[in-house]
Amino acid sequence: MTERPSYEPFACAPALRLEAHERLSALQIAALEDRLARLELVLERLEKRLWLAVYGVAAGLLAQALQGLSIMAP
């Protein structure tokens, strides 16, 4: 029996195209994850501002109520 010659592996066009597509997909996913992280950070800051506004309005109403009570009871 004769031994088959061993050939060096070579890159064919479909394999290269698949590899490029995988790299592109990985880059797109990384960009989406980065964008999502930034959006979550912005939403967190917005939520903090919203709660600050809610507490500010509540404090204003409470201060007005206390002021009205202090005028009524000398």
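As the structure is a prediction and not an experimental result, all values here were calculated from the model. (Residues numbered from 1 in each chain as written. Predicted model: local features only at pLDDT ≥ 70, side-chain atom pairs only at ≥ 80, totals over all residues. Heavy atoms only, no water.)

S.K.: Explain the overall build of the chain residue by residue, including any values.
M.R.: Secondary structure assignment for the chain yields one helix and zero strands. Looking at the chain as a whole, 0% of its 74 residues qualify as buried. For the chain, the exposed area adds up to about 7,600 Å²; of that, 67% sits on carbon and sulfur atoms. (Helix = DSSP H or I, 4+ residues; strand = E, 2+ residues; numbered from the N terminus. Buried < 20%, exposed > 50% of the residue type's maximum accessible area, 1.4 Å probe, protein only. Areas by Shrake-Rupley, 256 points an atom, 1.4 Å probe, with all protein chains shown as cover.)

S.K.: I'd like a description of the UniProt feature "transmembrane region" (unreviewed entry) in the chain, backed by residues and values.
M.R.: In the UniProt entry, the feature "transmembrane region" (unreviewed entry) is given for residues 50-73. Taken end to end, residues 50-73 is 96% helix and 0% strand, and its two terminal C-alpha atoms sit 35 Å from one another. (UniProt positions renumbered as here; feature names shortened; annotations may be inferred.)

S.K.: Hey, could you go over the pattern of salt bridges for me, with residue numbers and the actual values?
M.R.: In total, this model carries two salt bridges according to the counting rule given. Across the pair Arg23 and Glu19 runs a salt bridge, and its minimum N-O distance is 3.5 Å. Residue Arg23 and its partner Glu19 are both found in helix α1 (residues 13-72); the two are separated by four residues, about one turn of the helix. Put simply, Arg38 and Asp34 hold a salt bridge, and the shortest N to O gap is 3.6 Å. Residue Arg38 and its partner Asp34 are located together in helix α1, separated by four residues, close to a single helical turn. Since its relative accessible area comes to 49%, Arg38 is described here as partly exposed. For Asp34, a relative accessible area of 42% translates into the label partly exposed. (Salt bridge = Lys/Arg side-chain N within 4 Å of Asp/Glu carboxyl O.)

S.K.: Break down a nonpolar patch on the surface for me, citing the residues and quoting the values.
M.R.: Taken together, the side chains of Leu50, Trp51, Val54 and Tyr55 make up a nonpolar region of the molecular surface, amounting to roughly 460 Å² of accessible area. As for its placement among the helices and strands, Leu50 is situated in helix α1. Taking relative accessible area as the criterion, Leu50 reaches 54% and is therefore assigned exposed. (Patch = residues over 30% accessible without salt bridge, like charges linked within 9 Å, V, L, I, M, F, W, Y side chains within 5 Å.)

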